[in-house]
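A closer look at the structure
Each chain, letter by letter, is given below.
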Amino acid sequence: MKKKFLTLISLLMVSVMLFAACSPTKPAEDQKTEVADDKSGEVKEETKEEPKEEPKEEKKKTEDEAKLNFEGRTLNVVATSESYVPLFEKFTEKTGAKVEFLSMSSGEVLSRVKAEGGKPMADLWFGGGLDAFIQAKNDDLLEAYKSPNAEDIDAKFKDADGYWYSKGITVVGLLVNNDVLEEKGLEAPKGWKDLADPKYKDEVIMSSPAISGTNYAALKGWLDLWGEEEGWKFFTELNENITAYGKRGKDPFEKTIAKEFAIGIIPADKSAHDAMKEENVTLIFPEEGIPWVPEGVAIFKGSDNVDIASAFIDFMYEPESQKMIAEIDGKDTNQLVKPGAEGFDLGLDPSKLIDEDLSTFGSAREAILEKFQSIAGDK
């Protein structure tokens, strides 16, 4: 009997413990204690506040800021121009990462990395025609990264797998030197096909599309606009008016300003509009349509600082960074790819942009350049 009684008591105690364990947890409350006043002896009730947890959003912000602390490390960048230094200085200010800068055209970058067996020449590749970036992805030279700040970017301005992003688009136009035209007794061209007229022989300059993303965009745009047969026929005729192809992307702009040529095929940005205020030159958007190309940004595969390069891509799409890019590149609002970002009002009509096939920008690059070389020869 006694044994049954003890067993019953034990079961009862276990049930009480289980009930207590399963009861809803009562929210933490401030602790209340009774304290006697030293002078009056009156007993008062004091409330001691419990420490409160940091809100989740604030905690995440703190964690994110900690991730951006790259003090003591260096991001190596290859870019099309040193004009981007202020943008990278802003990144340094925010993250502590030093930036080493190398200026090189997109075609040169691709050639050098391939020649060195895919060895990364930097951590980040910033700017230049998208054709080189697509080709680099196809050659397994890039590192994938999905930036949360690029989720609202149109699909045609970013790689679906995160291998490259666009920071904006370059549009192609003509810069004509009115002094040279007047001296030669020539009128300004209105469209691309005017450039093939023999009267402009030796007066047109474009850079080699093998090194210049802008001039590759022009050539690809003509092929997309008129088709392979008519496009190459036009280029063959244009080639007769070109004495030599520029070895730098800036050659057509600088040599037309310097009156070495009457007509240059250039990236049509604010610098061309500024030149019109200082020199007797005119920017023309050809009547048949405007070639264009997205400007790439990517991380080199196997680089030492993938985390810093990834953080820069996030930084690039922040509003303040977009504003700096628009100012440095001299871009019209219609040349920016981030929704809501604003640039200059340069009068660019987006309806005039050629309907280009971006899917073949990289895959057709080698074939197009081989054909170009067979026509241009050693010019």
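Residues numbered from 1 in each chain as written. Predicted model: local features only at pLDDT ≥ 70, side-chain atom pairs only at ≥ 80, totals over all residues. Heavy atoms only, no water.

**Side note on unusual backbone geometry**
Using the following cut-off: Runs of E in the DSSP output that reach at least two residues are strands. Runs of H or I that reach at least four are helices, and both are numbered from the N terminus. Throughout this description, buried means an accessible area under 20% of the type-specific maximum (1.4 Å probe, protein chains only), exposed means over 50%, and partly exposed covers the range between.
In this model, Asp202 sits at a positive phi of 65°, which is unusual for a non-glycine residue. Checked against the element boundaries, Asp202 lands in the loop between helix 6 (178–184) and strand 8 (204–205). The exposure class assigned to Asp202 is partly exposed, which follows from its relative accessible area of 36%. Here Lys259, not a glycine, exhibits a phi torsion of approximately 70°, which is positive. Mapped onto the fold, Lys259 is located in the loop between helix 9 (251–257) and strand 9 (263–267). Here Lys259 falls in the partly exposed class, since its relative accessible area comes to 48%.

**Quick notes on the pairing of strand 4 (residues 98–103)**
What counts is decided by this rule: Two strands pair if DSSP finds at least two bridges between them. Whether a crossover is right-handed depends on one test, that the path from the first strand over the helix to the second runs clockwise when the strands point away from the viewer.
Direction of pairing for strand 3 (residues 74–79) relative to strand 4: parallel, over a ladder of six bridges. Paired with Val78 across the two strands is Leu102, which belongs to strand 4. Assessed by its sense of winding, the connection that carries the chain from strand 3 through helix 3 (residues 85–95) to strand 4 is right-handed.

**Some points on the pattern of salt bridges**
Inclusion rule: Salt-bridge detection follows one rule: a side-chain nitrogen of Lys or Arg within 4 Å of a carboxyl oxygen of Asp or Glu.
A full pass over the atoms with the stated rule returns 27 salt bridges. Note that Glu203 is salt-bridged to Lys184, the shortest N-O span being 3.5 Å. Taken together, the positions of Glu203 in the loop between helix 6 and strand 8 and Lys184 in helix 6 put the pair 19 residues apart, joining distant regions of the chain. Under the relative-accessibility criterion, Lys184 is labelled partly exposed at 45%. Across the pair Asp224 and Lys220 runs a salt bridge whose closest N-O atoms are separated by 2.9 Å. With Asp224 and Lys220 both in helix 7 (residues 213–226), this residue pair falls four residues apart, about one helical turn.

**Quick word on helix 4 (residues 106–115)**
Filter applied, for reference: As used here, the arc belongs to the directions running from the helix axis to the C-beta atoms. In this analysis, two residues are considered to be in contact whenever any of their non-hydrogen atoms come within 4.5 Å of each other.
Along helix 4, the residues classified as buried are Ser106, Gly107, Val109, Leu110 and Val113. Seen from one end, helix 4 has its buried residues packed into an arc of 160°, which puts them on one side. Where helix 4 is buried, its residues contact strand 3, strand 5 (124–129), helix 5 (130–138), helix 7, strand 11 (292–300) and helix 13 (365–376).

**Observations concerning the packing of aromatic side chains**
Stated formally: Here the aromatic set is Phe, Tyr and Trp, taking the six-membered ring for Trp, and pairing holds for ring centres within 6.5 Å; pairs whose planes are under 30 degrees apart are stacked, those over 60 apart are edge-to-face, and all others are tilted. Charge-over-ring placement is defined geometrically: NZ (Lys) or CZ (Arg) within 6 Å of the ring centre, and within 35 degrees of the ring normal.
Under the defined criterion, the tally for this structure stands at 20 aromatic pairs. Plain terms: the ring middles of Phe88 and Phe126 are 5.4 Å apart, the flat faces sit at 85° to each other, and that makes the pair edge-to-face. Here Phe88 is found in helix 3, whereas its partner Phe126 is found in strand 5, with 38 residues between them in sequence. Ring plane angle 80° and centroid distance 5.1 Å describe the contact between Tyr245 and Phe372, whose orientation is recorded as edge-to-face. Linking Tyr245 in the loop between helix 8 (228–239) and helix 9 with Phe372 in helix 13, this pair joins segments that are 127 residues apart in sequence. When sorted by exposure, Tyr245 lands in the same class as Phe372, which is buried. Three or more aromatic residues link up through ring pairs in this structure, and these residues are Tyr84, Phe88, Phe91, Phe101, Phe126, Phe312 and Phe315. Of note, Lys193 hangs over the ring of Trp226, and the distance from its end group to the ring centre comes to 4.7 Å. The aromatic ring of Trp232 is capped on one face by Lys371, whose charged end is 5.8 Å from the ring centroid.

**Some words on the pairing of strand 9**
Burial within strand 9 is extensive, with four of its five residues counted as buried. Where strand 8 and strand 9 come together, two bridges link them in parallel fashion. Paired with Ile205 across the two strands is Gly264, which belongs to strand 9.

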